[in-house]
Amino acid sequence: MKYVHEFRDPQRAQGILRQIEAIAAQFPPGSPGSSASDRPLRIMEICGGHTHAIFKYGLADLLPDTVELIHGPGCPVCIMPKGRLDDAITLAQNPQVILTTFGDVLRVPGSSQSLLQAKAQGADIRVVYSPLDALQIAIAHPDREVVFFAIGFETTAPSTALTVLQAAAQGVSNFSLFCNHVLVVPALEALLNQPDLQLDGFIGPGHVSMVIGARPYRVIAERYGKPVVVSGFEPVDILQSLWMVLDQLVTGRCTVENQYSRLVAEDGNAVALGAIAQVFTVREQFEWRGLGEIPASGLRIHPDYAQFDAEVKFSLPHPHVDDHRACACGDILRGVKKPWECKVFGTACTPDSPLGACMVSSEGACAAYYNYGQLDRRRPATSSASLAPSHSSRVRR
Ligand code: SF4
C-alpha cells in the first residue's frame, strides 16, 4: 500500500536506528557541551497519536538510553478539565437538550460522574462520528435543542466550523456547539515557560499540522531555542523525525523541519483555516487539565454566529474542579512523570475503571502504557524489535 508499507519497513527502521545510535553516542550523559549534561536527551512527542504509535511498535524500547521520549499534552480528551465535563453533563441533564459528542469523551470522569453515567440515569446523550451527524439529529428533532460537545485541536475545528456554516445556510435554529476546541502552539509555549520541564526538542503533531502547516512552530525554535520536526504516524516516520531532531541538536541548528511533507504544507490548509477564522474567535484564557489557564489557547464561537453558541443559549456554571487527589494526570500531561509513577496506575485506575482522563482516551499516555503491557517500565519490555505491532491482551480498541 503506497505511503504505508514503506513507512513500516523494518530494514529502513533499523538503518535509521543505527543513525540515531551514532548521534546519541555524541551526547553521553555528562559530556561537556551536551545540552543534556546529566540526563538523557528529552524529546517530546506532542501528539497522543504519536504516543500510541510509539507504544504499538515498541519504538521507545529500541532507543539508546541517552534518548528519552516524553509524552506531551496533545490528547484533546486528556486535557479537558473536569469543570468543562461538568458543564457538558449540566447541558445533558436539561430535558430539552440532546447532547451529542464523540465516544472517547463519554467515560472521562467529571467531578461526580461521567457522561456515560449521566446517560445511564436518563440524560439524552448520543455518540456521533462527526458534527454533521449532530446537525442531522437537530434537523430530525426540531422540537429539541441539539448541542454538539465539540473537542479537539485544530485538527477537528474545521469540520465543526463547516457544520456551523451549514447550519446557518440551512437556517437550523435548534443546533448549537459547546465549543472546547484548543490550540497547540500556546500550549507548547505554556509548557516551555514552566521551570521544571527540561526538553531538548519536539516531534510536532502531524494531524494538527495538516491544518495549520509547519510555519506556526517557528516561535518554538526562534523564541525558545527548541528544534521542531513535524512528523507522520508510521514507525519509520517517527524514527526519522527523531533522527532529524537529534541531527539539529548535534549540528547546533535550531529550526522547524517537516518530515510529513507528503501531507503537511508550510502554510497549512487555506480552506480549513478560512473556516476556523470565519466561525471562531480566540478566547482570552482556556483552562487545561494539568496546565491551568493558558492565554489565547482556546476557541469560542464568533459573535456573528452567537445563535449557535451553547454558552450563549444556556446558562453554564463553568466551575473549576480540582483533579482527584491520587491522580497524577497533570504531571503526565506536562511530561514530568511517567504513568507508572502515579500511585493508582494499573490498580485503582485502569481502562475499565479510570480515575483520570489519561487512562480513558485511546490517545492517553496512561492507556498506552497499560494497553501495551508497560505496567512497570523497569520490567523487561514486551515489545519486539522487529517493528511488528505489539498487541496486548488488554487492547480493547
Ligand atoms: S494512572 Fe489514572 S489517575 Fe494516574 S495519572 Fe494516569 S489516568 Fe491519572
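For the structure itself, look to the data block above.
Residues numbered from 1 in each chain as written. Predicted model: local features only at pLDDT ≥ 70, side-chain atom pairs only at ≥ 80, totals over all residues. Heavy atoms only, no water.

### Overview of the environment of Lys82
Worth spelling out the cut-off: Going along the chain from the N terminus, every DSSP run of H or I of four or more residues is numbered as a helix, and every run of E of two or more is numbered as a strand. For the exposure calls, accessible area comes from a 1.4 Å probe over protein chains only, and a residue counts as buried if that area is under 20% of its type's maximum, exposed if over 50%, partly exposed in between. Any two residues whose heavy atoms approach within 4.5 Å are treated as being in contact.
Its location among the elements puts Lys82 in helix 4 (residues 82-92). According to the relative accessible area criterion, Lys82 is buried, its value standing at 9%. For Lys82, the residues in contact, after removing those within four places along its chain, are Pro109, Gly110, Ser111, Arg289, Val321, Asp322, Asp323 and His324.

### Side note on the pattern of salt bridges
The cut-off we apply is this: Salt bridges are defined by distance alone: a side-chain nitrogen of Lys or Arg within 4 Å of a carboxyl oxygen of Asp or Glu.
The full count for this structure, using the stated rule, is 20 salt bridges. The partner of Arg8 in a salt bridge is Glu234, and the shortest N-O contact between them spans 2.6 Å. Residue Arg8 is located in the segment before helix 1 (10-24), and its partner Glu234 is located in the loop between strand 8 (228-230) and helix 11 (235-251); the two are separated by 226 residues in the primary sequence. One network of salt bridges, with partners in common, ties together Arg42, Glu68 and Lys338.

### Notes on the site of the ligand
Formally: Being near a molecule or strand, for a residue, comes down to having at least one heavy atom within 4 Å of it. Note that Gly is not counted as nonpolar here; it falls among the polar residues with everything else outside the nonpolar set of Ala, Val, Leu, Ile, Met, Phe, Trp, Tyr, Cys and Pro and the charged set of Asp, Glu, Lys and Arg.
If you check the shell around the ligand, you find 13 residues, and the closest are Cys327, Cys329, Cys342, Cys349 and Cys366. Mapped by element, the contributors of at least two residues to the shell around the ligand are helix 14 (329-334) and helix 15 (357-360). Residue composition of the shell around the ligand, by class: twelve nonpolar, one polar and no charged.

### What to know about helix 1
Applicable threshold: By definition here, a helix of n residues has an expected span of 1.5 Å times n minus one.
Over its 15 residues, helix 1 runs 20 Å from end to end, which matches the ideal 21 Å to within 8%, given 1.5 Å per residue. Ala13, Gly15, Ile16, Leu17, Ile20, Ile23 and Ala24 are the residues of helix 1 that are buried. Buried residues along helix 1 sit against helix 3 (59-62), strand 2 (67-74) and helix 11.

### Description of the packing of aromatic side chains
Basically, it comes down to this: Here a Phe, Tyr or Trp ring, Trp counted by its six-membered ring, pairs with any other such ring whose centre lies within 6.5 Å, and the pair is stacked when the planes are under 30 degrees apart, edge-to-face when over 60, and tilted otherwise. Lysine NZ or arginine CZ positioned within 6 Å of the ring centre and within 35 degrees of the ring normal marks a charge as sitting over the ring.
Across all of its chains, the model carries seven aromatic pairs by this definition. Ring geometry for Phe233 versus Tyr260: centroids 6.1 Å apart, planes at 75 degrees, classification edge-to-face. With Phe233 in the loop between strand 8 and helix 11 and Tyr260 in the loop between strand 9 (256-258) and helix 12 (270-279), this pair connects stretches of sequence that are 27 residues apart. Both residues of the pair, Phe233 and Tyr260, count as buried. Here Phe345 and Tyr370 contribute two aromatic rings whose centre-to-centre distance is 6.4 Å and whose plane-to-plane angle is 90 degrees, an arrangement assigned as edge-to-face. Note that Phe345 is positioned in the loop between helix 14 and helix 15 and Tyr370 in helix 16 (residues 365-371), a separation of 25 residues in sequence. By the ring-pair criterion, three or more aromatic residues cluster together here, those being Phe55, Trp340 and Tyr369. Note that Arg262 overlies the ring of Phe7, its terminal NZ or CZ placed 3.7 Å from the centroid.

### What to know about the sheet that holds strand 4 (residues 125-127)
Rules: Should DSSP find at least two bridges between two strands, the strands are regarded as paired. Structural elements are reduced to axes, namely lines fitted to C-alpha atoms, with helices fitted over the stretch in contact, and the angle between N-to-C directions of any two is expressed from 0 to 180 degrees.
Taken together, the four strands give an open sheet; going across it, the order is 4-3-5-6, and neighbouring strands pair in parallel fashion. In this open sheet, the two strands that pair with only one neighbour each are strand 4 and strand 6 (175-181). The sheet shows a mean angle of 25 degrees between the axes of neighbouring strands, direction not considered. As paired elements, strand 3 (residues 97-101) and strand 5 (residues 145-152) share four bridges and run parallel to each other. Looking at strand 5, one finds that Ile98 is bridged to Val146. Sheet contacts for helix 6 (residues 131-140): strand 3, strand 4, strand 5 and strand 6; angle to strand 5, the most-contacted strand, approximately 175 degrees. Packed onto the sheet, helix 7 (residues 157-170) meets strand 5 and strand 6 and runs at close to 160 degrees relative to strand 6.

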